[in-house]
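Here's the letter readout for the chains.
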Amino acid sequence: MSSSEHGFGTRAVHAGWQPEEKTGAVMPPIYMTSTYVQDAPGRPRQGFEYSRTQNITRFALQDALAELEEGAAGFTFTSGMAAIHTLLLTLKPGDRIVAGDDLYGGTYRLFTQIAQRFGLIFDFIDTSNPESFRELPADTRLLYLETPSNPLLKLVPLQQAIDAAHAVGAEVAVDNTFATPALQRPLTLGADYVIHSTTKYIAGHSDVVGGALIVRDEGLKEDLWFHQNSAGTINSPFDAFLTLRGLRTLALRMERHCANALRVAEAMEAHPKVAKVIYPGLKSHPQHALMQQQMAAGGGMVCLEVDGGEEEARTVVQHLKVFALAESLGGVESLVELPAPMTHASIPAETRRKIGIADGLVRLSVGIEDADDLIADLNGALHRMC
Ligand SMILES: Cc1ncc(COP(=O)(O)O)c(C=O)c1O
């Protein structure tokens, strides 16, 4: 059992579940049932009616995430996109959303190709620049932030952003996928919603797709529960179980991801064929001081630009042996990708270039392998460049 006095590592291991009364099971059983028996019409025997509405395995994961993010309640979904989509369903046509201009490509696509059709209005701003928050439109309903951002690893000055949004009566949602609650807890700074693609660090083993929304305030709980249940965007009991299993080692994994990422970033910064390294944990990152202020460490993601641009970048990623060339991130194994033709292909090329996503940008998800092996792998692949 964990309490708020315990450290994050202890809470990650125990959050959301106490050994079950009937059997003493230390992990929640996977309740694979779609429905529950009723003693009379409208009188479910144990208060459980239907699995979209109530499922103990999902509840255990939801409670664990709420506890770790220090929120009032958690909700879990089939994917990170389903979590974001469900949040948008709480809005109405004409509502204005101000969002960061450097976002996961799928989020950008959902905003610009689907949500706009239903009458939501989007403004994209540079949320790494504190000046941007001075002029938030007075009718802003939601400020939508990603920090560190995907892929450019820009940070949002969270306290300033949250205060500015609240000053105009807007709510604030923070996609905390890259940092995880091990490194940063936006709800404790006043954000209203935290979002996760639990597919990434939360589950941590690249074996399950999922998403989560955690709310700060009891008042938002009912509304989110209503939308999750009505839209039916819930995750399955098996996926909830796998995600909770991964979550138990989050603290341990993040320590190693961060330590390895720093070593990789330092080695790449010293490499003669690497033109640019982006990592918030490096002193050369323009927001390194902000990272130290609002994050416990720089995270597990590193971006590079190699000399020669896209062609050379393609050569490098195809010669890596320990890093697998694949989309996604946050698993125990190291992954590499080029955002422009892969995860961020749904953002128009012109927009990508405008916000600084070079065609040859290389994104590394640094895993928990031995850092020496990862650096040797990168050095070997860089050696293949002309
Ligand atoms: C920051 C961020 N948010 C949301 C998502 C979407 O999550 P999912 O792929 O689980 O739908 C991703 C996916 O890569 C992501 O990187």
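Remember, it's a predicted structure, so these values are computed and weren't measured experimentally.

Engineer: Looking at this structure, I do not really get the overall build of the protein chain. What am I missing?
Structural biologist: Across its full length, the protein chain holds 13 helices and 14 strands. At 21 Å, the protein chain has a C-alpha radius of gyration in line with the 21 Å of a compact globule built from 386 residues. Counting only C-alpha atoms, the protein chain reaches 75 × 50 × 35 Å along its principal axes. Per-residue burial for the protein chain yields a buried fraction of 48% across its 386 residues. Restricting the contact set of the protein chain to residue pairs at least 6 apart, pairs at least 24 apart contribute 73%.

Engineer: For this particular structure, what's the right way to read the sheet that holds strand S10 (residues 274-278)?
Structural biologist: Backbone-to-backbone hydrogen bonds pair the strands of a sheet. The strands run either parallel or antiparallel. Spatially, 5 strands are ordered S10-S11-S14-S13-S12 in an open sheet, and the strand pairing comes out mixed. The open sheet has two free edges, formed respectively by S10 and strand S12 (324-325), since each of these has just one partner strand. In this structure, S10 lies alongside strand S11 (residues 301-306), joined through 4 bridges in antiparallel fashion. Counterpart to isoleucine 278 in the pairing with S11 is cysteine 303.

Engineer: What should I look at first to understand the site of the ligand in this one?
Structural biologist: Close to the ligand lie 14 residues, the nearest being Ser79, Gly80, Met81, Tyr104 and Ser197. Those elements that provide at least two residues to the shell around the ligand are helix H3 (80-89) and helix H4 (105-114).

Engineer: What am I meant to see in the pairing of strand S8 (residues 193-197) here?
Structural biologist: Consecutive residues of a regular strand have side chains that alternate between opposite faces of the sheet. With 5 of its 5 residues buried, S8 lies for the most part within the structure. Every second residue of S8 is oriented toward a common face, with Tyr193, Ile195 and Ser197 on one face and Val194 and His196 on the other, all of them buried. In this structure, strand S7 (residues 171-175) lies alongside S8, joined through 3 bridges in parallel fashion. Looking at the pairing, valine 174 lines up with valine 194 of S8.

Engineer: Sorry if this is basic, but what is going on with the pairing of S7 here?
Structural biologist: Along S7, 5 of the 5 residues are buried, which leaves the element largely enclosed by surrounding structure. By the alternation rule, side chains of S7 split into Glu171, Ala173 and Asp175 and Val172 and Val174, which are all buried. Bridge count between strand S6 (residues 140-146) and S7: 5 bridges; the pairing is parallel. What sits directly across from tyrosine 144, in S7, is alanine 173.

Engineer: Looking at this structure, I do not really get the sheet that holds strand S4 (residues 96-100). What am I missing?
Structural biologist: Taken in spatial order, the 7 strands of this open sheet run S3-S9-S8-S7-S6-S4-S5, and their pairing is mixed. Of all the strands in the sheet, just strand S3 (73-77) and strand S5 (121-125) have a single pairing partner and so form its edges. Averaged over all pairs of adjacent strands, the angle between strand axes in this sheet comes to 20°, irrespective of strand direction. Two elements, S8 and strand S9 (residues 211-215), share 5 bridges in a ladder whose sense is antiparallel. Bridge pairing in S9 links serine 197 to glycine 211. Lying over the sheet, helix H2 (residues 56-69) contacts S3, S8 and S9, oriented at roughly 130° with respect to S3.

Engineer: Is there a simple way to explain the nonpolar core in this structure?
Structural biologist: Nonpolar side chains tend to gather and get buried jointly when the protein is soluble and globular. In terms of nonpolar packing, the biggest core is built from 104 residues, with Ala161, Val172, Leu213, Val302 and Val362 touching the most fellow members. With 8 residues, helix H9 (residues 250-269) is the largest single contributor of residues to this core. Here valine 172 is in contact with Leu143, Leu145, Ala161, Ile162, Ala165, Ala191 and Asp192, once residues within four sequence places are set aside.

Engineer: Just checking my understanding: could you explain the domain arrangement of the protein chain for this structure?
Structural biologist: For the protein chain, the assigned domains read domain 1 (8-247) and domain 2 (251-383). Summarising the inter-unit geometry, the C-alpha centres of domain 1 and domain 2 are found 26 Å apart. Counting residues at the interface gives 29 residues for domain 1 and 33 residues for domain 2. Taken together, the elements giving at least two residues each to the side of domain 1 that touches domain 2 come down to helix H1 (8-14), H4 and helix H6 (180-183). For the side of domain 1 that touches domain 2, the element with the most residues is H4, which contributes 4 residues. A breakdown of the residues in the side of domain 1 that touches domain 2 according to their chemical character gives 15 nonpolar, 10 polar and 4 charged.

Engineer: Help me understand H9 in this model?
Structural biologist: Every α-helix winds through 3.6 residues per turn, so residues three or four apart in the chain are directed the same way. Look at H9: 28 Å from first C-alpha to last across 20 residues, which is about the 28 Å you get at 1.5 Å a residue. Burial in H9 covers these residues: Leu250, Arg253, Met254, His257, Cys258, Asn260, Ala261, Leu262, Val264, Ala265 and Met268.

Engineer: Any chance you could explain the environment of histidine 85 here in plain terms?
Structural biologist: Secondary-structure assignment places histidine 85 in helix H3. With 20 C-beta atoms counted inside 10 Å, the residue histidine 85 sits in the buried group. Linking histidine 85 and isoleucine 114, residues 29 residues apart in sequence, is a C-alpha distance of 9.6 Å. Once you skip the residues sitting within four places of it in the chain, histidine 85 turns out to touch Leu110 and Thr233.

Engineer: Sorry if this is basic, but what is going on with the packing of H3 against H4 here?
Structural biologist: Packed helices, taken two at a time, are described by the angle between their axes plus the distance between the axes. It is the contact of H3 with H4, at a shortest axis distance of 10 Å, that shows an interaxial angle of 35°. Two packed elements cross with a definite hand, and for H3 against H4 that hand is right-handed. Contact residues: Met81, Ile84 and His85 in H3; Gly106, Thr107 and Leu110 in H4. Considered class by class, the residues forming the contact of H3 with H4 number 3 nonpolar, 3 polar and no charged.

Reading guide: rules and limits
Residues numbered from 1 in each chain as written. Predicted model: local features only at pLDDT ≥ 70, side-chain atom pairs only at ≥ 80, totals over all residues. Helix = DSSP H or I, 4+ residues; strand = E, 2+ residues; numbered from the N terminus. Rg over C-alpha atoms; globule rule 2.2 N^0.38 Å. Buried ≥ 20, exposed ≤ 12 C-beta atoms within 10 Å, placed from the backbone. Contact = placed C-beta atoms within 7 Å. Pairing = 2+ DSSP bridges. Near = placed C-beta within 6 Å. Axes fitted to C-alpha atoms, helices over the stretch in contact; angles between N-to-C directions. Core = buried A, V, L, I, M, F, W, Y, C linked by C-beta atoms within 7 Å. Domains from an automatic or database assignment. Nonpolar A, V, L, I, M, F, W, Y, C, P; charged D, E, K, R; others polar. Expected span 1.5 Å × (residues − 1). Left-handed = near helix turned anticlockwise from the far one by under 90°.

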